[in-house]
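Structural features, examined
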Amino acid sequence: MDLATAVVSSAYQFGDAFAFLVLSACGLAVIFGMMGVINLAHGEFIMCGAYMTVFAVGWGLPLPLAILCGSLFAGLVGMVIERLVVRRLYARPLDSILATWGVSLIASQGTLILFGPTMRGVGTPLGSFTVGALSFSYYRLVLMATALAVLLLLYFVFNKTRFGVLARATIQAPHMANALGVDTNRVYAFTFGIGAALAGLTGGIYAPTMTMIPTMGTTFIMEAFVTVVVGGADVFIGTAPAAALLAIVKASLTSWQGQLAGQIGLLLAVIVVIRLLPKGITGFILKDRA
């Protein structure tokens, strides 16, 4: 392998790992990082978006619209779950863990009963290109671009819009926001729905690359949690650098020793970072600013 091919391969693997970590974590970063709800049903929201995307493609919609349908459907399901289950548990984090775990089991087993252990997916679009002797998928480049677009969209929504100001105010000081006339229940519902919709977007956009099974969300949930934990409390400051750091570790070890080594290295990197930076990358950046 010549130098140019090796550089392109390394950059491609880093971008692929970065996109996977960012897209896996963004929805959880809103629900867990911002709202403080430890959502163990995050993988099932991803699965929900993926299944809805496949159904929408089967109904004749083009893939981009099908992915949008999957995202919106997961967001709607998330708002229903927030209203019926999570709303009563904001001050009870341990209970929210148990409740969302229950939702996770119901969703995965219900999907297994209704649709069976597997279902036909959709093919990966756009084809591939070659560099030297190696072949690379164009669709993976779309995933990388989507990850960057999602980060920019989150920043814009929560920092440049009235809803974002109300959401951050409600999450940081709910009693004060309520006293000022903010409908905090509605803000919580929409914020939780945004997190679920982002998870559904992840499922939808990765549906062409995966086998459709009821437990497919477990592929994402470990990477999502470690990225959010390493990033720290502020989704806008911590998620991107955390994903970049972990992507370097994962891509390097995967290309050197295989996928298992990449997963082990990812977990070891999380242990080291949390040992050195208990508040994650957010705490380190904010400390330097102070």
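Up top is the structure.
Note that the coordinates shown come from a computational prediction; the quantities given were computed from them, not determined experimentally.

Observations concerning the packing of helix α1 (residues 3-34) against helix α8 (residues 184-206)
Running from N to C, α1 and α8 point in directions that differ by 155 degrees, and their axes come no closer than 6 Å. As the angle between them shows, α1 and α8 are arranged roughly antiparallel. Two packed elements cross with a definite hand, and for α1 against α8 that hand is left-handed. Here D16, A19, F20, L23, S24, C26, G27, V30 and I31 of α1 come into contact with α8, specifically with T191, F192, G195, A196, L198, A199, T202, I205 and Y206. Along the lines of polarity and charge, the residues of the contact of α1 with α8 split into 12 nonpolar, 5 polar and 1 charged.

Here's the deal with the pattern of salt bridges
Per the counting criterion, the structure on display carries 5 salt bridges. With a closest N to O distance of 3.3 Å, R140 and D16 form a salt bridge. Residue R140 is found in helix α5 (residues 138-160), and its partner D16 is found in helix α1; the two are separated by 124 residues along the sequence. Overall, R140 belongs to the partly exposed group, its relative accessible area being 23%. For the salt bridge of K250 with E223, the shortest nitrogen-to-oxygen distance reads 3.5 Å. Remark: E223 occurs in helix α9 (residues 218-231) and K250 occurs in helix α10 (residues 235-257); sequence separation between them is 27 residues. One exposure class covers both K250 and E223, and it is buried.

A few points about helix α6 (residues 162-172)
Listing the buried residues of α6 in full gives G164, L166, A167 and T170. Down the axis of α6, the buried side of the element spans an arc of 165 degrees, and every buried residue falls inside it. Residues of α6 that are exposed and point more than 90 degrees away from the buried face comprise R162 and Q172. Packed against the buried residues of α6 are α5, α7 (174-179) and α8.

Scoring rules and cut-offs
- Numbering of residues starts from 1 in every chain and runs along the sequence as written.
- The predicted origin of the model limits local features to residues at a pLDDT of at least 70 and limits the giving and counting of side-chain atom pairs to 80 or more, whereas totals for whole chains, interfaces and linings rest on all residues.
- The side-chain values count all of the structure's non-hydrogen atoms but skip hydrogen atoms and water molecules.
- Think of each axis as a best-fit line through the C-alpha atoms, taken over the contacting stretch in the case of a helix, with angles from 0 to 180 degrees between the N-to-C directions.
- The way it works is that DSSP assigns letters per residue, a run of H or I at least four long becomes a helix, a run of E at least two long becomes a strand, and they are numbered from the N terminus.
- The labels follow the angle: roughly parallel below 35 degrees, roughly antiparallel above 145, roughly perpendicular from 65 to 115, and oblique for the rest.
- It is the rotation of the near helix from the far one that decides the hand of a crossing: anticlockwise by less than a right angle makes it left-handed, clockwise makes it right-handed.
- Contacts were defined at the residue level, with two residues in contact if any of their heavy atoms lie within 4.5 Å.
- By the convention adopted, Pro, Cys, Tyr, Trp, Phe, Met, Ile, Leu, Val and Ala count as nonpolar, Lys, Arg, Asp and Glu as charged, and the other residues, Gly among them, as polar.
- Any carboxyl oxygen of Asp or Glu within 4 Å of a side-chain nitrogen of Lys or Arg constitutes a salt bridge here.
- Relative accessibility under 20% of the residue-type maximum defines a buried residue, over 50% an exposed one, and the middle range a partly exposed one, all with a 1.4 Å probe and only protein chains included.
- Regarding the arc, it is the one traced by the directions from the helix axis to the C-beta atoms.

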